[in-house]
Amino acid sequence: MIRFDNVTKVYPRSTRPALDDVNVNVERGEFVFVVGPSGSGKSTMLRLALREERATSGTVLVAGQDLGSLSARKVPRFRREIGAVFQDFRLLPGKTVDQNVAFALQVIGKPSSAIRQLVPETLEMVGLEGKGKRLPHQLSGGEQQRVAIARAVVNKPQILLCDEPTGNLDPKISLDIVHLLDRINRTGTTVVMATHDADTVNQLRRRVVQLDEGHVVRDEQHGTYLAPIGAATSSPPSDPDAVEDAEVAEEIGDLDPERFGGEDR
Ligand SMILES: Nc1ncnc2c1ncn2[C@@H]1O[C@H](COP(=O)(O)OP(=O)(O)OP(=O)(O)O)[C@@H](O)[C@H]1O
(Lines give C-alpha, C1' and ligand atoms only; values in the text may rest on other atoms or scores of the structure.)
Protein backbone atom coordinates (compact mmCIF):
# COMPACT_ATOMS: atom_id res chain seq x y z
CA MET A 1 0.00 0.00 0.00
CA ILE A 2 2.94 2.31 0.80
CA ARG A 3 6.38 1.35 -0.37
CA PHE A 4 9.67 3.22 -0.06
CA ASP A 5 12.46 1.66 -2.13
CA ASN A 6 15.93 3.12 -1.51
CA VAL A 7 14.41 6.52 -0.88
CA THR A 8 16.69 9.47 -0.23
CA LYS A 9 15.45 13.00 0.30
CA VAL A 10 17.82 15.96 0.38
CA TYR A 11 16.08 19.30 0.81
CA PRO A 12 17.40 22.24 -1.21
CA ARG A 13 20.34 24.03 0.45
CA SER A 14 20.70 21.16 2.90
CA THR A 15 23.89 19.15 3.25
CA ARG A 16 22.53 16.18 5.21
CA PRO A 17 19.76 13.97 3.73
CA ALA A 18 16.48 14.10 5.68
CA LEU A 19 15.98 10.48 4.58
CA ASP A 20 18.89 8.31 3.52
CA ASP A 21 18.28 5.13 1.51
CA VAL A 22 15.05 4.21 3.30
CA ASN A 23 13.28 0.92 2.57
CA VAL A 24 9.85 0.41 4.13
CA ASN A 25 6.85 -1.56 2.90
CA VAL A 26 3.47 -0.96 4.55
CA GLU A 27 0.84 -3.55 3.63
CA ARG A 28 -2.84 -2.80 3.12
CA GLY A 29 -4.62 -2.63 6.49
CA GLU A 30 -1.52 -2.20 8.65
CA PHE A 31 -1.15 0.28 11.52
CA VAL A 32 2.39 1.61 11.63
CA PHE A 33 3.99 4.04 14.06
CA VAL A 34 6.92 6.01 12.68
CA VAL A 35 9.02 7.08 15.65
CA GLY A 36 12.33 8.78 16.26
CA PRO A 37 13.74 11.97 17.73
CA SER A 38 13.05 15.42 16.38
CA GLY A 39 14.64 15.87 12.96
CA SER A 40 14.95 12.13 12.27
CA GLY A 41 12.79 12.34 9.13
CA LYS A 42 9.30 11.29 10.26
CA SER A 43 7.42 14.21 8.69
CA THR A 44 9.53 13.93 5.57
CA MET A 45 8.34 10.34 5.15
CA LEU A 46 4.72 11.40 5.41
CA ARG A 47 5.21 14.40 3.11
CA LEU A 48 6.71 12.11 0.48
CA ALA A 49 3.80 9.67 0.81
CA LEU A 50 1.34 12.57 0.38
CA ARG A 51 3.33 13.83 -2.59
CA GLU A 52 3.88 17.17 -0.86
CA GLU A 53 7.58 16.54 -1.51
CA ARG A 54 9.34 14.37 -4.08
CA ALA A 55 12.16 11.95 -3.38
CA THR A 56 15.64 12.99 -4.52
CA SER A 57 16.27 9.36 -5.46
CA GLY A 58 14.54 6.03 -5.03
CA THR A 59 10.90 5.09 -5.54
CA VAL A 60 7.83 5.99 -3.49
CA LEU A 61 4.77 3.88 -4.34
CA VAL A 62 1.46 4.75 -2.69
CA ALA A 63 -1.90 3.11 -3.45
CA GLY A 64 -0.43 1.67 -6.64
CA GLN A 65 0.97 5.00 -7.87
CA ASP A 66 4.64 5.69 -8.49
CA LEU A 67 4.78 9.19 -7.05
CA GLY A 68 7.97 10.03 -8.94
CA SER A 69 6.13 9.86 -12.24
CA LEU A 70 2.79 11.28 -11.07
CA SER A 71 2.15 14.54 -12.89
CA ALA A 72 1.08 17.60 -10.89
CA ARG A 73 -2.27 17.46 -12.66
CA LYS A 74 -2.95 14.01 -11.20
CA VAL A 75 -1.96 14.85 -7.64
CA PRO A 76 -5.42 16.04 -6.45
CA ARG A 77 -7.07 12.82 -7.61
CA PHE A 78 -4.30 10.76 -5.98
CA ARG A 79 -4.82 12.62 -2.67
CA ARG A 80 -8.48 11.57 -2.57
CA GLU A 81 -7.22 8.13 -1.60
CA ILE A 82 -5.37 9.56 1.36
CA GLY A 83 -6.60 11.22 4.54
CA ALA A 84 -4.18 13.41 6.46
CA VAL A 85 -4.20 14.58 10.08
CA PHE A 86 -1.75 17.04 11.61
CA GLN A 87 -0.62 18.18 15.05
CA ASP A 88 -2.24 21.61 14.64
CA PHE A 89 -5.65 20.28 13.46
CA ARG A 90 -5.83 22.71 10.49
CA LEU A 91 -9.58 23.29 10.75
CA LEU A 92 -11.27 26.17 8.97
CA PRO A 93 -11.90 28.54 11.90
CA GLY A 94 -14.92 30.34 10.43
CA LYS A 95 -16.78 27.13 9.55
CA THR A 96 -18.77 24.91 11.88
CA VAL A 97 -17.84 21.30 12.61
CA ASP A 98 -20.44 20.12 10.06
CA GLN A 99 -19.12 22.54 7.45
CA ASN A 100 -15.48 21.57 8.06
CA VAL A 101 -16.27 17.91 7.45
CA ALA A 102 -18.65 18.62 4.55
CA PHE A 103 -16.02 20.80 2.88
CA ALA A 104 -13.80 17.76 2.25
CA LEU A 105 -16.64 16.22 0.26
CA GLN A 106 -17.73 19.41 -1.52
CA VAL A 107 -14.27 20.00 -2.99
CA ILE A 108 -14.36 16.60 -4.66
CA GLY A 109 -17.86 17.19 -6.03
CA LYS A 110 -19.89 14.77 -3.87
CA PRO A 111 -23.62 15.30 -4.23
CA SER A 112 -25.29 17.07 -1.33
CA SER A 113 -27.50 14.06 -0.60
CA ALA A 114 -24.37 11.97 0.09
CA ILE A 115 -22.88 14.80 2.15
CA ARG A 116 -26.02 15.03 4.30
CA GLN A 117 -25.70 11.35 5.10
CA LEU A 118 -21.92 11.01 5.48
CA VAL A 119 -21.22 14.02 7.72
CA PRO A 120 -23.43 13.06 10.70
CA GLU A 121 -22.48 9.40 10.30
CA THR A 122 -18.77 10.25 10.47
CA LEU A 123 -19.19 12.71 13.35
CA GLU A 124 -20.97 10.02 15.31
CA MET A 125 -18.16 7.57 14.54
CA VAL A 126 -15.57 9.95 16.05
CA GLY A 127 -17.77 10.72 19.07
CA LEU A 128 -18.92 14.22 18.15
CA GLU A 129 -22.62 13.70 17.64
CA GLY A 130 -24.52 16.83 18.66
CA LYS A 131 -21.51 19.12 18.15
CA GLY A 132 -21.92 19.78 14.44
CA LYS A 133 -23.08 23.37 14.85
CA ARG A 134 -20.11 24.48 16.96
CA LEU A 135 -17.17 26.46 15.66
CA PRO A 136 -13.67 25.02 16.19
CA HIS A 137 -12.86 27.51 18.97
CA GLN A 138 -15.86 26.22 20.92
CA LEU A 139 -14.26 22.77 21.13
CA SER A 140 -11.47 21.33 23.26
CA GLY A 141 -8.19 20.31 21.63
CA GLY A 142 -9.15 16.64 21.63
CA GLU A 143 -12.50 17.43 20.06
CA GLN A 144 -10.85 19.58 17.38
CA GLN A 145 -8.59 16.68 16.51
CA ARG A 146 -11.65 14.42 16.27
CA VAL A 147 -13.13 16.89 13.74
CA ALA A 148 -9.88 16.79 11.77
CA ILE A 149 -9.99 12.99 11.81
CA ALA A 150 -13.65 13.00 10.70
CA ARG A 151 -12.74 15.31 7.84
CA ALA A 152 -9.81 13.06 6.88
CA VAL A 153 -11.87 9.85 6.77
CA VAL A 154 -15.28 11.06 5.60
CA ASN A 155 -14.40 10.15 2.02
CA LYS A 156 -13.32 6.67 3.18
CA PRO A 157 -9.69 6.90 2.06
CA GLN A 158 -7.57 3.78 1.75
CA ILE A 159 -4.79 5.38 3.75
CA LEU A 160 -4.72 7.71 6.75
CA LEU A 161 -1.45 9.57 7.39
CA CYS A 162 -1.15 11.23 10.79
CA ASP A 163 1.74 13.56 11.60
CA GLU A 164 2.05 13.96 15.38
CA PRO A 165 -1.75 13.97 15.82
CA THR A 166 -1.38 13.93 19.61
CA GLY A 167 1.44 16.46 19.82
CA ASN A 168 -0.82 19.20 21.26
CA LEU A 169 -2.86 17.00 23.58
CA ASP A 170 -2.65 15.75 27.15
CA PRO A 171 -1.47 12.14 27.58
CA LYS A 172 -4.93 10.81 28.40
CA ILE A 173 -6.60 12.57 25.49
CA SER A 174 -3.75 11.41 23.26
CA LEU A 175 -4.56 7.85 24.13
CA ASP A 176 -8.25 8.40 23.30
CA ILE A 177 -7.25 9.79 19.90
CA VAL A 178 -4.94 6.86 19.19
CA HIS A 179 -7.69 4.42 20.17
CA LEU A 180 -9.93 6.19 17.66
CA LEU A 181 -7.24 5.79 14.96
CA ASP A 182 -6.97 2.14 15.97
CA ARG A 183 -10.72 1.68 15.46
CA ILE A 184 -10.51 3.34 12.06
CA ASN A 185 -7.66 0.99 11.17
CA ARG A 186 -9.78 -1.99 12.16
CA THR A 187 -12.32 -1.01 9.51
CA GLY A 188 -9.59 -1.67 6.91
CA THR A 189 -7.91 1.73 6.56
CA THR A 190 -4.12 1.63 6.46
CA VAL A 191 -2.85 4.01 9.16
CA VAL A 192 0.64 5.50 9.44
CA MET A 193 1.24 7.73 12.45
CA ALA A 194 4.42 9.72 13.09
CA THR A 195 4.96 10.39 16.77
CA HIS A 196 7.48 10.76 19.54
CA ASP A 197 4.87 9.85 22.11
CA ALA A 198 6.29 6.66 23.61
CA ASP A 199 3.26 6.05 25.86
CA THR A 200 0.77 5.68 23.04
CA VAL A 201 3.16 3.51 21.01
CA ASN A 202 3.69 1.23 23.96
CA GLN A 203 -0.04 0.98 24.69
CA LEU A 204 -0.99 -0.13 21.20
CA ARG A 205 1.93 -2.47 20.44
CA ARG A 206 1.60 -2.17 16.68
CA ARG A 207 4.36 -2.12 14.08
CA VAL A 208 7.07 0.41 14.87
CA VAL A 209 9.44 1.87 12.28
CA GLN A 210 12.13 3.87 14.02
CA LEU A 211 14.15 6.54 12.26
CA ASP A 212 17.38 8.14 13.33
CA GLU A 213 19.05 10.83 11.25
CA GLY A 214 17.16 9.71 8.17
CA HIS A 215 17.92 6.00 8.54
CA VAL A 216 15.55 3.19 9.50
CA VAL A 217 17.20 1.80 12.61
CA ARG A 218 14.39 -0.55 13.68
CA ASP A 219 11.29 -2.08 12.09
CA GLU A 220 9.41 -4.30 14.49
CA GLN A 221 5.94 -5.87 14.60
CA HIS A 222 4.17 -5.29 17.93
CA GLY A 223 6.96 -2.88 18.80
CA THR A 224 7.64 -0.54 21.66
CA TYR A 225 9.41 2.78 21.76
CA LEU A 226 11.79 4.03 24.39
CA ALA A 227 12.19 7.73 23.62
CA PRO A 228 15.84 8.77 23.95
CA ILE A 229 16.62 10.57 27.19
CA GLY A 230 16.55 14.31 26.63
CA ALA A 231 14.83 13.96 23.27
CA ALA A 232 11.89 16.17 22.47
CA THR A 233 8.75 14.36 23.51
CA SER A 234 5.18 15.12 22.83
CA SER A 235 4.49 16.04 26.46
CA PRO A 236 1.96 18.73 25.81
CA PRO A 237 0.97 21.77 27.71
CA SER A 238 -1.84 21.02 30.11
CA ASP A 239 -5.17 21.06 28.27
CA PRO A 240 -7.83 22.89 30.27
CA ASP A 241 -10.48 21.05 28.31
CA ALA A 242 -9.17 17.62 29.19
CA VAL A 243 -12.05 16.93 31.53
CA GLU A 244 -14.61 17.63 28.84
CA ASP A 245 -12.68 15.41 26.43
CA ALA A 246 -12.67 12.59 28.92
CA GLU A 247 -16.44 12.93 29.20
CA VAL A 248 -16.79 12.73 25.42
CA ALA A 249 -14.56 9.67 25.31
CA GLU A 250 -16.54 7.97 28.02
CA GLU A 251 -19.80 8.81 26.29
CA ILE A 252 -18.72 7.02 23.13
CA GLY A 253 -17.07 4.27 25.10
CA ASP A 254 -13.76 4.27 23.27
CA LEU A 255 -11.91 3.85 26.54
CA ASP A 256 -13.27 0.35 26.60
CA PRO A 257 -11.12 -1.74 24.25
CA GLU A 258 -13.42 -4.77 24.48
CA ARG A 259 -16.36 -2.80 23.19
CA PHE A 260 -14.40 -1.68 20.16
CA GLY A 261 -12.37 -4.77 19.45
CA GLY A 262 -9.15 -3.74 21.19
CA GLU A 263 -7.72 -7.25 20.97
CA ASP A 264 -4.49 -7.84 19.07
CA ARG A 265 -4.83 -9.07 15.53
N1 LIG B 1 11.57 22.18 4.04
C2 LIG B 1 12.77 21.84 4.53
N3 LIG B 1 13.90 22.40 4.06
C4 LIG B 1 15.12 22.05 4.53
N5 LIG B 1 15.31 21.12 5.48
C6 LIG B 1 14.21 20.52 5.99
C7 LIG B 1 12.89 20.85 5.55
N8 LIG B 1 12.00 20.09 6.23
C9 LIG B 1 12.73 19.32 7.07
N10 LIG B 1 14.05 19.57 6.92
C11 LIG B 1 15.15 18.91 7.63
O12 LIG B 1 15.04 17.52 7.38
C13 LIG B 1 15.35 16.76 8.55
C14 LIG B 1 14.16 15.86 8.90
O15 LIG B 1 13.06 16.71 9.25
P16 LIG B 1 11.61 16.12 9.58
O17 LIG B 1 10.72 17.30 9.78
O18 LIG B 1 11.25 15.13 8.57
O19 LIG B 1 11.90 15.39 10.98
P20 LIG B 1 10.88 14.87 12.09
O21 LIG B 1 11.42 13.58 12.56
O22 LIG B 1 9.50 14.92 11.56
O23 LIG B 1 11.04 15.98 13.22
P24 LIG B 1 9.95 16.52 14.29
O25 LIG B 1 9.67 15.37 15.18
O26 LIG B 1 10.68 17.64 14.97
O27 LIG B 1 8.76 16.98 13.50
C28 LIG B 1 15.70 17.78 9.63
O29 LIG B 1 17.10 17.92 9.65
C30 LIG B 1 15.06 19.05 9.13
O31 LIG B 1 15.76 20.20 9.57
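This text follows the structure it describes.
Quick caveat, the model's predicted, so the values are computed rather than measured. (Residues numbered from 1 in each chain as written. Predicted model: local features only at pLDDT ≥ 70, side-chain atom pairs only at ≥ 80, totals over all residues.)

Caption draft 1: Structural detail: the environment of Glu52. Locating Glu52 in the fold gives a position in the loop between helix H1 (42-49) and strand S4 (57-62). By the C-beta count within 10 Å, which is 13 here, Glu52 ends up partly exposed. The spacing of Glu52 and Arg79 is 27 residues in sequence and 10.0 Å in space, taken between C-alpha atoms. (Helix = DSSP H or I, 4+ residues; strand = E, 2+ residues; numbered from the N terminus. Buried ≥ 20, exposed ≤ 12 C-beta atoms within 10 Å, placed from the backbone.)

Caption draft 2: Highlighting H1. H1 sits mainly inside the fold: six of its eight residues count as buried. For H1, the set of buried residues is Lys42, Thr44, Met45, Leu46, Leu48 and Ala49. A positive backbone phi angle near 65 degrees is found at Arg51, which sits one or two residues after H1.

Caption draft 3: Region of the structure containing the nonpolar core. Membership of the largest hydrophobic core comes to 67 residues, with the highest contact counts inside it found for Val34, Val101, Ala150, Leu160, Leu161 and Val192. Among the elements that line this core, the one with the most residues is helix H6 (residues 171-185), at seven residues. (Core = buried A, V, L, I, M, F, W, Y, C linked by C-beta atoms within 7 Å.)

Caption draft 4: Highlighting the pairing of strand S8 (residues 190-194). In terms of residue burial, S8 counts as a mostly covered element, since five of its five residues are buried. Where burial is concerned, the two faces of S8 agree: the one with Thr190, Val192 and Ala194 and the one with Val191 and Met193 are both buried. Examined bridge by bridge, strand S7 (residues 159-163) and S8 share five bridges and lie parallel to one another. When the sheet's bridge partners are listed, Ile159 is paired in S8 with Thr190. The handedness of the S7 to S8 crossover, carried by H6, is right-handed. (Pairing = 2+ DSSP bridges. Right-handed = clockwise from strand over helix to strand, strands pointing away.)

Caption draft 5: Summary view of the packing of helix H3 (residues 97-106) against helix H5 (residues 141-153). At a minimum axis separation of 8 Å, H3 and H5 run at an interaxial angle of 25 degrees. Classified by the angle between their axes, H3 and H5 sit roughly parallel to one another. Between H3 and H5 the crossing geometry is right-handed. Only Val147, Ala150 and Arg151 of H5 make contact with H3, whose side of the interface consists of Val97, Asn100, Val101 and Ala104. Partitioned by chemical class, the residues of the contact of H3 with H5 number five nonpolar, one polar and one charged. (Axes fitted to C-alpha atoms, helices over the stretch in contact; angles between N-to-C directions. Parallel < 35°, antiparallel > 145°, perpendicular 65-115°, else oblique. Left-handed = near helix turned anticlockwise from the far one by under 90°. Contact = placed C-beta atoms within 7 Å. Nonpolar A, V, L, I, M, F, W, Y, C, P; charged D, E, K, R; others polar.)

Caption draft 6: Structural detail: the site of the ligand. Inspection of the region around the ligand gives Tyr11, Ser14, Ala18, Gly36, Ser38, Gly39, Ser40, Gly41, Lys42, Ser43, Thr44 and His196 as its neighbouring residues. Looking at the shell around the ligand, its residues break down into two nonpolar, nine polar and one charged. (Near = placed C-beta within 6 Å.)

Caption draft 7: Structural context of the sheet that holds S4. Spatially, four strands are ordered S2-S1-S4-S5 in an open sheet, and the strand pairing comes out antiparallel. Two strands in the sheet have a free side with no partner beyond their single neighbour: strand S2 (19-26) and strand S5 (65-66). Inspection of the sheet shows S4 paired to S5 by two bridges, in the antiparallel sense. Within S5, the position partnered with Val62 by the bridge is Gln65. Those strands touched by H1 are strand S1 (2-9), S2 and S4, and its axis lies near 120 degrees from that of S1.

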